[in-house]
Every structure is written in structure tokens, then in C-alpha cells.
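Letter by letter, the chains look like this.
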Amino acid sequence: MMTKFKNVFLTVAVAVSFPAAIFAASNCEFTIEGTDTMSYAKDGKPFSGPITAGSDCKEFKLTLKHTGKMPKTAMGHNWVLAETKELAAITADAAKAGPSKDYKPSAPAVLAITKLLAGGESDTITFAMGKLKKGGDYTYFCTFPGHSAIMKGKFEIK
Ligand code: ZN
């Protein structure tokens, strides 16, 4: 009799907690790839689409994987997040920083940034969503010189 009661209790507990856990995970993290052909990709296919974060996310976890083989000096990629209107100023700032500083912009307008990666490397960052507002116009892009012409997409909060 006690065993049967215990089983019912466990079933109910799992049914209640499981869907919430899946929902949070699918909206508060994203994995994007960088390629040797100067593009972002998702599951091996070129990707420049929006990344959508849930408006209830307190933090967002972003992983960038460079799936190519080229060195950082020739085909380095990073993932930088900022308001769309800041893109030009930030890429100019990154160019000024140069290769010795991995084209890392120092502008305060940068909301999130990964390391500059060579082929085969990956980096995961977690950033607070509190500094982003719902309905804001945000873009993610690569600050390696010239790359943001193609390597960019919108970051949305929904
Ligand atoms: Zn790049």
C-alpha cells in the first residue's frame, strides 16, 4: 500500500516540473557556429536569422563554435551583441584594437562578447538580460574586419 502511494506521488511531481524546465532551456540559450566561409551557421547551414530570447529569461547563454580549420588571424570569429545603431561604431573600434587585441572593441555599448575563435575552438558566455529591453532593436555580429557585412543577425526578445 505504501509503495503504490509513493509511485503516484512521484508521477505527479515529474509531470508538473518537467515542462517548465524544458521551456526555460529552449528560450534562454542558443548555439551558433562560425565557418571557414565567413558566415555564421546553425547545424551546418548558413544562418543569419534572428535569435529569440524569452522575455522571462534572467540570463542568456550563448555558445559560439568555430567549425572550420582556419587560424584566428585569417578567419577569426566572435559573437558580439549591441543595439543595432551601435554596429558601425563598434566595428570601427574593433578595427582600431587590431589583431593583437583580437579585434576586441572597448566601447561600453557592447552588451555581450565571446572570445575571438580559431577553427576548432568554442566559447560559451552567459549575460544578464536585465540590460536589454523588450522591443529593443539588437543585432549580433562578428567584429573581425569586414565580417559584419555578412556575419550578423537580429537578437529579439519575445
Ligand atoms: Zn568572423
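Residues numbered from 1 in each chain as written. Predicted model: local features only at pLDDT ≥ 70, side-chain atom pairs only at ≥ 80, totals over all residues. Heavy atoms only, no water.

**Quick look at the overall build of the protein**
Then, in step 1: In terms of helices and strands, the protein carries three helices and 10 strands.
Then, in step 2: Each helix (α) and strand (β) of the protein, taken in turn from the N terminus, gives the series α-β-β-β-β-β-α-β-α-β-β-β-β.
Then, in step 3: Accessible surface for the protein amounts to roughly 9,100 Å². Of this, 61% is attributable to carbon and sulfur atoms. (Helix = DSSP H or I, 4+ residues; strand = E, 2+ residues; numbered from the N terminus. Areas by Shrake-Rupley, 256 points an atom, 1.4 Å probe, with all protein chains shown as cover.)

**Observations concerning the pairing of strand 9 (residues 138-141)**
Then, in step 1: Of the two faces of strand 9, the one lined by Tyr138 and Tyr140 and the one lined by Thr139 and Phe141 are each fully buried.
Then, in step 2: By the bridge criterion, four bridges tie strand 6 (residues 80-83) to strand 9 in an arrangement that is antiparallel. Bridged to alanine 82 within strand 9 is threonine 139. (Buried < 20%, exposed > 50% of the residue type's maximum accessible area, 1.4 Å probe, protein only. Pairing = 2+ DSSP bridges.)

**Some points on the nonpolar core**
Then, in step 1: Leu62, Trp79, Leu81, Phe127 and Phe155 are the most contacted members of the largest nonpolar core, which totals 29 residues.
Then, in step 2: Within the residue set of this core, elements represented by two or more residues are strand 1 (29-34), strand 4 (51-53), strand 5 (59-66), strand 8 (122-128), strand 9 and strand 10 (152-157).
Then, in step 3: For this core, the leading source of residues is strand 5, giving three residues.
Then, in step 4: Val80, Leu87, Val110 and Phe141 belong to the second-largest nonpolar core, a separate cluster that totals six residues. (Core = buried A, V, L, I, M, F, W, Y, C linked by side-chain atoms within 4.5 Å.)

**Overview of the coordination of the zinc ion**
Then, in step 1: The zinc ion binds to the protein through His77 (ND1), Cys142 (SG) and His147 (ND1), with metal-donor distances spanning 2.1 to 2.2 Å.
Then, in step 2: In terms of primary sequence, the donors binding the zinc ion are separated according to H-x64-C-x4-H. Linking histidine 77 in the loop between helix 2 (72-75) and strand 6 with histidine 147 in the loop between strand 9 and strand 10, this pair joins segments that are 70 residues apart in sequence. Judged on exposure class, the residue histidine 77 and its partner histidine 147 are both buried. (Donors = N, O, S within 2.8 Å, 3.2 Å for Na, K, Ca; no water.)

**Quick word on the sheet that holds strand 5**
Then, in step 1: The strand order across the open sheet built from five strands is 3-2-1-5-8, with neighbouring strands paired in mixed fashion. What marks the edges here is a single partner per strand, and that holds for strand 3 (45-46) and strand 8.

**Quick word on the packing of aromatic side chains**
Then, in step 1: With the rule as written, the count across this model stands at nine aromatic pairs.
Then, in step 2: Note on tryptophan 79 and tyrosine 140: the rings are 5.8 Å apart at their centroids and 20° apart in plane angle, and the pair reads as stacked. Of this pair, tryptophan 79 sits in the loop between helix 2 and strand 6 while tyrosine 140 is found in strand 9, placing the two residues 61 residues apart along the sequence. Each member of the pair, tryptophan 79 as well as tyrosine 140, is classed as buried.
Then, in step 3: Taken together, the ring pairs in this structure connect Tyr40, Phe60, Trp79, Phe127, Tyr140 and Phe155 into an aromatic cluster.
Then, in step 4: Its guanidinium or amino end placed over the ring of phenylalanine 30, lysine 42 lies 4.5 Å from that ring's centre, counting from NZ or CZ. (Phe/Tyr/Trp six-rings, centres within 6.5 Å; stacked < 30°, edge-to-face > 60°. Lys NZ or Arg CZ within 6 Å of the ring centre and 35° of its normal.)

**As for the side chain of glutamate 33**
Then, in step 1: Relative to the helices and strands, glutamate 33 is located in strand 1.
Then, in step 2: Buried charge glutamate 33 goes without a salt bridge, the closest partner of opposite sign being lysine 42 at 5.6 Å.
Then, in step 3: One polar contact links the side chain of glutamate 33 to the main-chain amide nitrogen of aspartate 43, over a distance of 2.9 Å.
Then, in step 4: At 2.9 Å, the side chain of glutamate 33 and the backbone nitrogen of glycine 44 are in polar contact.
Then, in step 5: Apart from the residues lying within four places of it in its own chain, the contact partners of glutamate 33 are Ser39, Tyr40, Ala41, Lys42, Asp43, Gly44, Leu64, Lys65 and Thr67. (Lys, Arg positive; Asp, Glu negative; His and termini not counted. Salt bridge = Lys/Arg side-chain N within 4 Å of Asp/Glu carboxyl O. Polar contact = N/O pair within 3.5 Å; in protein donor to acceptor, adjacent residues only side chain to side chain. Contact = heavy atoms within 4.5 Å.)

By themselves, these are just geometric observations and shouldn't be taken as functional.
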